[in-house]
Amino acid sequence: TMGACCTKVKDDPSDHMADDPPLDAIVPEPKPHRQQIRLVIRNPRRRGAPAAIDSSMIGIEHLDGMMATQDEQPVAEPKHPYVEPAERALQRALEAVNGPEWVVVKPLKGLEDCVVSVREWKKVVQAKVECTMAATVEQVVETVAKNEGAPKGTKIKVLEDISSELAVMVVEVKLPIVKDRDFVAVRWISTNPDGSAQVTTTSLQPELADSHLGKRKGFCRGRIQMQCLFIAPLASNNGPSCRVRWLSAVDPGGNIPSAKKMTGTKNAETILALQKAVYLSHPTPPAPGEFDVI
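Quick look at the structure, then. (Residues numbered from 1 in each chain as written. Predicted model: local features only at pLDDT ≥ 70, side-chain atom pairs only at ≥ 80, totals over all residues. Heavy atoms only, no water.)

## Concerning the overall build of the chain
If you tally the helices and strands in the chain, you get five helices and 13 strands. Going through the 294 residues of the chain one by one, you find that 39% of them count as buried. Here the contacts in the chain between residues at least 6 apart in sequence split such that 58% fall between residues at least 24 apart. Accessible surface, the chain: about 18,100 Å² in total, of which carbon and sulfur atoms supply 55%. (Helix = DSSP H or I, 4+ residues; strand = E, 2+ residues; numbered from the N terminus. Buried < 20%, exposed > 50% of the residue type's maximum accessible area, 1.4 Å probe, protein only. Contact = heavy atoms within 4.5 Å. Areas by Shrake-Rupley, 256 points an atom, 1.4 Å probe, with all protein chains shown as cover.)

Below, the structure is given as structure tokens:
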């Protein structure tokens, strides 16, 4: 009848229990939240849900709203232990670059338009060379990474290539009168979001250095406290240009006369040799000495 067909029948939940999926299988879709990380319970407690929360129900909601269980969370690759001493050396270079007591010395021929400074700091002679190069940051870094541009009397040999950014090397320096020096060091190339880069070199601790290369006859082993090449892009209407700052603090070991003068000269030679190598590797090099003073 009309009345019977329109009569409201009370819904009995037991009529649907057999057809409904189990409550544990019902997983609500996670909603993205504009937070860096959010802890999410996959199965919120409801009628029939277990009283305890199982670890498999816990996930991390990232910015894009994707879910990852604890076992699926990305793990950052650990730093190589040799990066840590390089980071400390970089920090020392940053502190030194604008530090006090720098004395400008006569520049090396070919670097007339650059500024070369030295200072004695905590019983170690430091050197600073500042100029610009007609090259890109990438070109300078590439030249350094290839071990090109070492000054006369200096040889660089890679002992271990750890990665494209990290290497262990030996630097051999021939010196007049006194015994030649060698340095076992780690070189670390790091880049910044603004397009600048740093190439940082520092000696390994003696026991680590000896594990890569034992002490040799004819060489006195010195220590590179820090050597850092800061390279930053510069706006220019005349082709690529970058600012170069070189900071160096080296304990050569033993007694060397005129250490301050020699340190300034050697570091100026380093930048001059690097400049020539960069220009040789890339077209239209400018004439020597044709770069701006910072």
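## Description of the pairing of strand S12 (residues 223-233)
Across the eleven residues of S12, eight count as buried, placing the element largely inside the fold. As defined by bridge partners, strand S10 (residues 197-203) adjoins S12 across five bridges and the pair is classed as antiparallel. Each residue of the ladder has a partner; that of Thr-200, found in S12, is Cys-228. As defined by bridge partners, S12 adjoins strand S13 (residues 242-251) across ten bridges and the pair is classed as antiparallel. Paired with Leu-229 across the strands is Trp-246, a residue of S13. (Pairing = 2+ DSSP bridges.)

## Some remarks on the environment of Ser-203
Within the secondary structure, Ser-203 is located in strand S10. Overall, the relative accessible area of 5% leaves Ser-203 in the buried class. The spatial distance from the C-alpha of Ser-203 to the C-alpha of Val-184 is 5.6 Å, given a sequence separation of 19 residues. Among the polar contacts listed, one links the side chain of Ser-203 to the backbone nitrogen of Ile-224, at a separation of 2.7 Å. (Polar contact = N/O pair within 3.5 Å; in protein donor to acceptor, adjacent residues only side chain to side chain.)

## Side note on the environment of Gly-153
Within the fold, Gly-153 resides in the loop between helix H3 (137-145) and strand S7 (154-161). A residue is classified by how much of its surface remains accessible, and Gly-153, at 30% relative accessible area, is partly exposed.

## Some thoughts on the nonpolar core
Among the nonpolar cores identified, the biggest contains 25 residues, and Met-133, Val-140, Leu-229, Ile-231 and Ile-271 are the most heavily contacted of them. Elements supplying a minimum of two residues to this core: strand S6 (124-133), H3, S10, S12, S13 and helix H5 (259-281). With sequence-adjacent residues up to four places away left out, Met-133 is seen in contact with Val-140, Pro-240, Ser-241, Cys-242, Val-244, Ile-271, Leu-274, Gln-275 and Tyr-279. Among the nonpolar cores identified, the runner-up in size contains 24 residues, and Val-170, Trp-188, Leu-204 and Ala-209 belong to it. (Core = buried A, V, L, I, M, F, W, Y, C linked by side-chain atoms within 4.5 Å.)

## Brief notes about helix H2 (residues 83-97)
A rise of 1.5 Å per residue sets the reference length of H2, with its 15 residues, at 21 Å; its end C-alpha atoms lie 21 Å apart and thus fit the reference within 8%. Taken as a whole, H2 has its buried residues at Val-83, Pro-85, Ala-86, Ala-89, Leu-90, Ala-93, Ala-96 and Val-97. All buried residues of H2 lie within an arc of 160 degrees about the axis, which places them on one face of the element. (Expected span 1.5 Å × (residues − 1). Arc of directions from axis to C-beta.)

Spatial relationships are all this shows, so hold off on functional conclusions.
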